[in-house]
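Listed here are the chains, written in short residue letters.
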Amino acid sequence: MMSEANEGKALTVEVGGTSYQRIPIRTRVVMPGDSLEEFIREYAPAHLRDGDILFVTEKIVAITQGRSFRLDEIQPRPLARFLSKYVTRTPYGIGLGMPETMEMALRECGTPRILFAAAVSAVTKALGRKGDFYRIAGDKARAIDGPTSGTIPPYNKAVVLGPEKPQEVARALQGLLGVEGVDVAVVDINDIGGNILGSTLDRAGEQRLVEILGDNPLGQGHQSTPLGVIRRA
């Protein structure tokens, strides 16, 4: 079992007075057409013990659901090109800062919602408040991933949407694993924070998990570790 942290990340973190290991699981690259269930069955069971939490990145869930699109498949409308100019790009992810990702946000969330989020954000950002765009646009917009310099091929030339029904996915994977006392979470985590999109945990457990994963132990680039295990140290 791999018990080494990814480069630049700590294996163990303390949250609420308790120490937790965040053990990355290295895998092959997930491809469109792969079965998520078979992928999880291939890599996860040997790493799990009673009381663990298996966390799964939203990206591999979405890819196996057919929710990745090559850039050359997406034809951004003029509105997408206009709105994307006003999105702040960061080293941690392009977000909706390119016409193709903004186009997919318009399709996923609806044009009225994205326009309303953009209008409110323009006002509140001028007043020094950040984050209103995604608070209004919602998790579907927040979960859209565009290519970055560290993205593993072929997804360095693709847009990946958020997964469908992540809560149901988490429950199904828990049943698939058949390991007593193991919880499962589908997570959207990057180097500046994250969200739990679906899990078998209660609300307090999800909030604790966000803290445990706060520095993105799976990494942002070529680590090829889309799964991980949380275990009390």
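Up top is the structure these notes are about.
So, here's what we can say about the structure.

Basis of the calculations
- The numbers attached to residues start from 1 for each chain and follow its sequence in the written order.
- pLDDT decides what is reported in this predicted model: residues at 70 or higher carry local features, side-chain atom pairs at 80 or more are listed and counted, and totals for whole chains, interfaces and linings draw on all residues regardless.
- With hydrogens and water stripped out, all remaining heavy atoms of the structure feed into the side-chain values.
- To get an axis, fit a line to the C-alpha atoms, keeping to the stretch in contact for a helix; angles then go from 0 to 180 degrees between the N-to-C directions.
- Put simply, DSSP H or I for four residues or longer makes a helix, DSSP E for two residues or longer makes a strand, and each gets a number counted from the N terminus.
- Each angle gets one of four labels, with under 35 degrees taken as roughly parallel, over 145 as roughly antiparallel, 65 to 115 as roughly perpendicular, and the rest as oblique.
- Handedness of a crossing is defined here by the sense of rotation of the near helix relative to the far one, left-handed for an anticlockwise turn of less than a right angle and right-handed for a clockwise turn.
- Any pair of residues with heavy atoms lying within 4.5 Å of one another is described as a contacting pair.
- For this classification, Asp, Glu, Lys and Arg are treated as charged, while Ala, Val, Leu, Ile, Met, Phe, Trp, Tyr, Cys and Pro are nonpolar and the rest, including Gly, are polar.
- Computed over the protein atoms alone on a 1 Å grid, cavities are sets of points where a 1.4 Å probe fits but cannot get out and pockets are open sets with protein on both sides within 12 Å along at least five of seven lines; a residue lines them when it has an atom within 4 Å of a point.
- Grid points are joined across faces, edges and corners, and a volume is the space filled by probe spheres set on the points.
- Ring geometry is summarised as follows: Phe, Tyr and Trp rings, the Trp one being its six-membered ring, pair when their centres sit within 6.5 Å, and such pairs are stacked at plane angles under 30 degrees, edge-to-face over 60 and tilted between the two.
- Under the scheme applied here, a residue whose accessible area is under 20% of the maximum for its type counts as buried, over 50% as exposed, and between as partly exposed, the area being computed with a 1.4 Å probe on protein chains only.
- Residues grouped as a nonpolar core are buried Ala, Val, Leu, Ile, Met, Phe, Trp, Tyr and Cys residues, joined through side-chain atoms within 4.5 Å.
- Just to be clear on terms, a salt bridge is a Lys or Arg side-chain nitrogen sitting within 4 Å of an Asp or Glu carboxyl oxygen.

Observations concerning the packing of helix α1 (residues 36–43) against helix α8 (residues 166–177)
- Packing of α1 against α8 brings their axes to within 11 Å, and their N-to-C directions diverge by 45°. The pairing of α1 with α8 is recorded here as oblique in orientation. Relative to α8, α1 is oriented so that their crossing is right-handed. Within the contact between the two elements, α1 uses L36, E37, I40 and R41 and α8 uses V169, L173, L176 and L177.
- For the contact of α1 with α8, the residue count by class is six nonpolar, no polar and two charged.

Description of the layout of surface pockets
- Each pocket or cavity is described by its volume, and for the second largest pocket that value is around 170 Å³.
- Taken together, Y20, G51, I53, D183, L201, G205, R208, I212, I230, R231 and R232 form the lining of the second largest pocket.
- If you list the elements that add at least two residues to the lining of the second largest pocket, you get α9 (203–212) and β8 (227–232).
- When the residues that make up the lining of the second largest pocket are grouped by side-chain class, the tally is five nonpolar, two polar and four charged.

Side note on the packing of aromatic side chains
- Considering all chains together, one arrives at three aromatic pairs under this definition.
- Ring geometry for F39 against Y43: centres 5.0 Å apart, planes inclined by 50°, an arrangement best described as tilted. Of the two residues, F39 and Y43 are both situated in helix α1; the distance of four residues between them amounts to about one turn of the helix.

A short note on the environment of L115
- Mapped onto the elements of the fold, L115 is located in helix α5 (residues 111–126).
- What makes L115 partly exposed here is its relative accessible area of 38%.
- Apart from the residues lying within four places of it in its own chain, the contact partners of L115 are L79 and L83.

Considerations on the nonpolar core
- Core analysis: the biggest nonpolar cluster contains 27 residues, and I40, L54, V56, L177 and L227 have the highest contact counts within it.
- At the level of secondary structure, the elements contributing two or more residues to this core comprise β2 (18–25), α1, β3 (53–57), α2 (58–64), β5 (158–160), α8, β6 (183–190) and β8.
- In this structure I40 touches P45, L54, V56, L173, L176, L177 and L227, once residues within four positions along its chain are discounted.

Some remarks on the pattern of salt bridges
- Using the criterion set out here, one finds 13 salt bridges in the structure.
- The shortest N-O distance in the salt bridge between R70 and E73 comes to 3.6 Å.
- Judged by its relative accessible area of 48%, R70 falls in the partly exposed class.
- Owing to a relative accessible area of 41%, E73 belongs among the partly exposed residues under this scheme.
- Here D132 and R135 are joined by a salt bridge, their closest N and O atoms 3.1 Å apart. Placement of both D132 and R135 in helix α6 (residues 132–137) is noted, with a separation of three residues, approximately one turn of the helix.
- Overall, the relative accessible area of 5% leaves D132 in the buried class.
- Three or more residues joined by partner-sharing salt bridges are found here, namely R28, D34 and E42.

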